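Below are the chains, spelled out letter by letter.
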Amino acid sequence: MIVWINGAFGSGKTTLVTELHRRLPDALVYDPEHVGFVLRGIVEAPDGDFQHIPLWRKQVASLARGLVEEYGRPVLAPMTVVRRQYADEIFGALDEAGVPVHHFFLDVSAGVLEQRLHDRVVVPGDPEGDEAVRRWGKARIAECVAAVGSLREDTVVPDGELPTRELADRVLERTGLPGAVV
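Everything numeric in this text was worked out from a predicted model, so none of it was measured.

### Regarding the overall build of the protein chain
Part 1: Across its full length, the protein chain carries 8 helices and 4 strands.
Part 2: Going residue by residue from the N terminus, the α and β elements of the protein chain occur as β-α-β-α-α-β-α-β-α-α-α-α.
Part 3: A compact globule built from 182 residues should have a C-alpha radius of gyration of about 16 Å, and the protein chain, at 16 Å, falls within 12% of that.
Part 4: With the C-alpha coordinates aligned to their principal axes, the bounding extent of the protein chain is approximately 40 × 35 × 35 Å.
Part 5: A burial count over the protein chain gives 45% of its 182 residues as buried.
Part 6: Of the contacts made within the protein chain by residues no fewer than 6 positions apart, 78% connect residues no fewer than 24 positions apart.
Part 7: Looking at the protein chain as shown, the accessible area adds up to about 9400 Å², and 53% of this sits on carbon and sulfur atoms.

Now the structure itself:
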């Protein structure tokens, strides 16, 4: 089973996956962004966004499938994918392979996203790099907020402004995974 945590940059995907992993220590954490970093080091990414590389979408699905098949443990994936076509390619390939996916999209208001991105440090010790990451995320707020209206029908859309522990409870309840609250 794959538990895909989607949402805007700054919505709390990684924080939620960290809490889920704390409760489910045997789960595998798979960040598809790393596949993008590898590809971007080999080929040019249109507009600087590796999600536009078709091979990224294929490899993300292939690796996720492989993790489930090889290790037989839940896979937790924090990754923003707001283009419906891209989500359909990834989740369609997983569905075709018989891999169950629970897709959650953390719904967070634009104002809260703006503040979270403003406050966070992603590249410690590199103010210019940190600001570049902030600009990247802030430039995509509108697209990410608008994506809520075009998500796949099987997507669960919790209020991403809820406390992380409560969001984790809801994810575990929805997926049937046993992560005890501690």
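### Things to note about the packing of aromatic side chains
Part 1: Inspection of every chain in the model, using the stated rule, returns 3 aromatic pairs.
Part 2: Ring geometry for Phe 37 and Phe 50: centres 6.0 Å apart, planes at 85°, overall edge-to-face. Of the two residues, Phe 37 sits in helix H2 (residues 33–40) while Phe 50 sits in the loop between H2 and helix H3 (54–71), which places them 13 residues apart along the sequence.
Part 3: With relative accessibility at 6%, the residue Phe 50 sits in the buried group.
Part 4: Ring geometry for Phe 50 and Trp 56: centres 5.5 Å apart, planes at 45°, overall tilted. Like Trp 56, Phe 50 is buried.
Part 5: Members of the aromatic cluster, connected to one another through ring pairs, are Phe 37, Phe 50 and Trp 56.
Part 6: In this arrangement the basic side chain of Arg 57 is found over the ring face of Tyr 86, its NZ or CZ atom lying 3.9 Å from the centre.
Part 7: The side chain of Arg 140 reaches across the aromatic face of Trp 136, ending 3.2 Å from its centre.

### What to know about the pattern of salt bridges
Part 1: Counted by the stated rule, this structure contains 14 salt bridges.
Part 2: A salt bridge links Arg 152 to Asp 154, with the shortest nitrogen-to-oxygen separation between them at 3.6 Å.
Part 3: The exposure class of Arg 152 is buried, given its relative accessible area of 17%.
Part 4: Residues joined in a network through salt bridges with shared partners are Arg 84, Asp 88, Arg 152, Glu 153 and Asp 154.

### A short note on the sheet that holds strand S4 (residues 101–106)
Part 1: Taken together, 4 strands build an open sheet; the order of strands is S2-S3-S1-S4 and the sheet is parallel. Edge positions in the open sheet fall to strand S2 (28–29) and S4, since each of these has one partner strand only.
Part 2: By the bridge criterion, 2 bridges tie S2 to strand S3 (residues 75–78) in an arrangement that is parallel. Within S3, the residue paired with Leu 28 across the bridge is Val 75.
Part 3: The strands touched by H3 are strand S1 (2–7), S2 and S3; relative to S1, the strand with the most contacts, the crossing angle is about 145°.

### Details of the nonpolar core
Part 1: Ile 2, Trp 4, Tyr 30, Trp 56, Val 81, Ile 90 and Leu 94 are the most contacted members of the largest nonpolar core, which has 25 residues in total.
Part 2: Of all the secondary structure elements, the ones that give two or more residues to this core are S1, H2, H3, S3 and helix H4 (84–96).
Part 3: Here the element with the most residues in this core is H3; it accounts for 6 residues.
Part 4: Those residues in contact with Leu 94 that sit more than four places away from it in its chain are Ile 2, Ala 61, Ala 64, Arg 65, Val 99 and Val 101.
Part 5: Of all hydrophobic cores here, the second largest spans 17 residues; its members include Val 17, Leu 24, Phe 104 and Val 156.

### Observations concerning the side chain of Glu 19
Part 1: Along the polypeptide, Glu 19 turns up in helix H1 (residues 13–23).
Part 2: You can call Glu 19 buried: its relative accessible area is 11%.
Part 3: In contact with Glu 19, other than residues within four places in its own chain, are Thr 164, Arg 165 and Ala 168.

### Description of a nonpolar patch on the surface
Part 1: A contiguous nonpolar patch, built from Val 38, Ile 42 and Val 43 and spanning about 280 Å² of accessible area, is present on the exposed surface.
Part 2: The exposure class of Val 38 is exposed, given its relative accessible area of 53%.

So, how was this worked out
Residues numbered from 1 in each chain as written. Predicted model: local features only at pLDDT ≥ 70, side-chain atom pairs only at ≥ 80, totals over all residues. Heavy atoms only, no water. Helix = DSSP H or I, 4+ residues; strand = E, 2+ residues; numbered from the N terminus. Rg over C-alpha atoms; globule rule 2.2 N^0.38 Å. Buried < 20%, exposed > 50% of the residue type's maximum accessible area, 1.4 Å probe, protein only. Contact = heavy atoms within 4.5 Å. Areas by Shrake-Rupley, 256 points an atom, 1.4 Å probe, with all protein chains shown as cover. Phe/Tyr/Trp six-rings, centres within 6.5 Å; stacked < 30°, edge-to-face > 60°. Lys NZ or Arg CZ within 6 Å of the ring centre and 35° of its normal. Salt bridge = Lys/Arg side-chain N within 4 Å of Asp/Glu carboxyl O. Pairing = 2+ DSSP bridges. Axes fitted to C-alpha atoms, helices over the stretch in contact; angles between N-to-C directions. Core = buried A, V, L, I, M, F, W, Y, C linked by side-chain atoms within 4.5 Å. Patch = residues over 30% accessible without salt bridge, like charges linked within 9 Å, V, L, I, M, F, W, Y side chains within 5 Å.

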